[in-house]
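Listed here are the chains, written in short residue letters.
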Amino acid sequence: MSDQEHDPDTEAAVPDPSAVTVTDPSAGPDGPDGPAAATGLVGPDRPVEPDRPALIVRAARELAEAEGWEAVTTRRLAERAGCGQSDLYRHFTDREAVVAAVAVDGYAQLAATLRAARSSTDDPQHRWTAVVAAYLDFANGNPALYDAMFVLTPDLSFADPDGPAPLEAAFAELRRTLTPLAVGADLDAFTEVGWSTLHGMVMLTRGGRLRPDLQERREAVVVAHLRGGCPVPRQPEPTAPAPD
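Residues numbered from 1 in each chain as written. Predicted model: local features only at pLDDT ≥ 70, side-chain atom pairs only at ≥ 80, totals over all residues. Heavy atoms only, no water.

A. Examining the overall build of the protein chain more closely. Helix and strand content of the protein chain: 10 helices and 0 strands. Starting at the N terminus and walking to the C terminus, you meet the elements of the protein chain as α-α-α-α-α-α-α-α-α-α. Residues classed as buried in the protein chain amount to 32% of the 244 residues present. Partitioning the contacts of the protein chain with sequence separation of at least 6, the portion at a separation of at least 24 is 62%. Total accessible area on the protein chain stands at roughly 15,000 Å², and carbon and sulfur atoms take up 54% of it. (Helix = DSSP H or I, 4+ residues; strand = E, 2+ residues; numbered from the N terminus. Buried < 20%, exposed > 50% of the residue type's maximum accessible area, 1.4 Å probe, protein only. Contact = heavy atoms within 4.5 Å. Areas by Shrake-Rupley, 256 points an atom, 1.4 Å probe, with all protein chains shown as cover.)

Shown next as structure tokens:
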């Protein structure tokens, strides 16, 4: 074939991207003259843009765990998150919105913790024992987070069908654990009693109202109490009005 003749198949072929070579590195965004050069890193080492809301939530939780929620001001929060206060307000309307985000994050973590405990055994009786221990360990090990979840965010409602999914997920793990033990009982009421008992133990223990030396015995009583069934009567089904 002469230099003047062309193969149509060759002309239509798409070049292999791996074979394309950039001869001028400064032409691309990752080149020495491109925008990425300002970071000092180019190519695969270019840093990922930070998730600013997640950084703010994590900073709030860390500051609260270290110094208490009264220390979490917008100024200190912005400093810890590495952003300006105006940037903080671009993501959250106010400090309370940050606390609510911490709480929702906490419910997601609690749900995962309870799920792991529930999945650790196939025995329904032992599942409740594992979940009781996991719940109390979570609450006692994360006091500021627990306060955000149950004390500082009264507007977060489990009864709201449009509420954050992690709230329902945490309750659902307790309900799944207690389902085999709630024979003949109203399952949701049975679950709420179990949850209320655990929450009450947490708050009374933290307030110094319960004797520390009886903690293990209290846990054993809670486990045995709900293992025994202690049925909560089902609510009567609504009856249709009698025809006139």
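From this point, things continue past the structure.
B. The arrangement of helix 10 (residues 215–227) in detail. End to end, helix 10 covers 18 Å across 13 residues, agreeing with the expected 18 Å (1.5 Å per residue, within 8%). On its buried face, helix 10 is in contact with helix 6 (124–141), helix 8 (165–178) and helix 9 (187–206). (Expected span 1.5 Å × (residues − 1).)

C. Geometry of the pattern of salt bridges. If you walk through the whole model with that rule in mind, you get 12 salt bridges. Between Glu67 and Arg76 there is a salt bridge, with its nearest N and O atoms 2.7 Å apart. Residue Glu67 is classed as partly exposed on the basis of its relative accessible area, which comes to 40%. With its nearest N and O atoms 3.2 Å apart, the salt bridge here joins Arg115 to Glu173. One end of the pair, Arg115, is in helix 5 (residues 95–118); the other, Glu173, is in helix 8, and 58 residues separate them in sequence. Shared partners join several salt bridges into a network, and the residues in it are Arg115, Arg118, Glu173 and Arg176. (Salt bridge = Lys/Arg side-chain N within 4 Å of Asp/Glu carboxyl O.)

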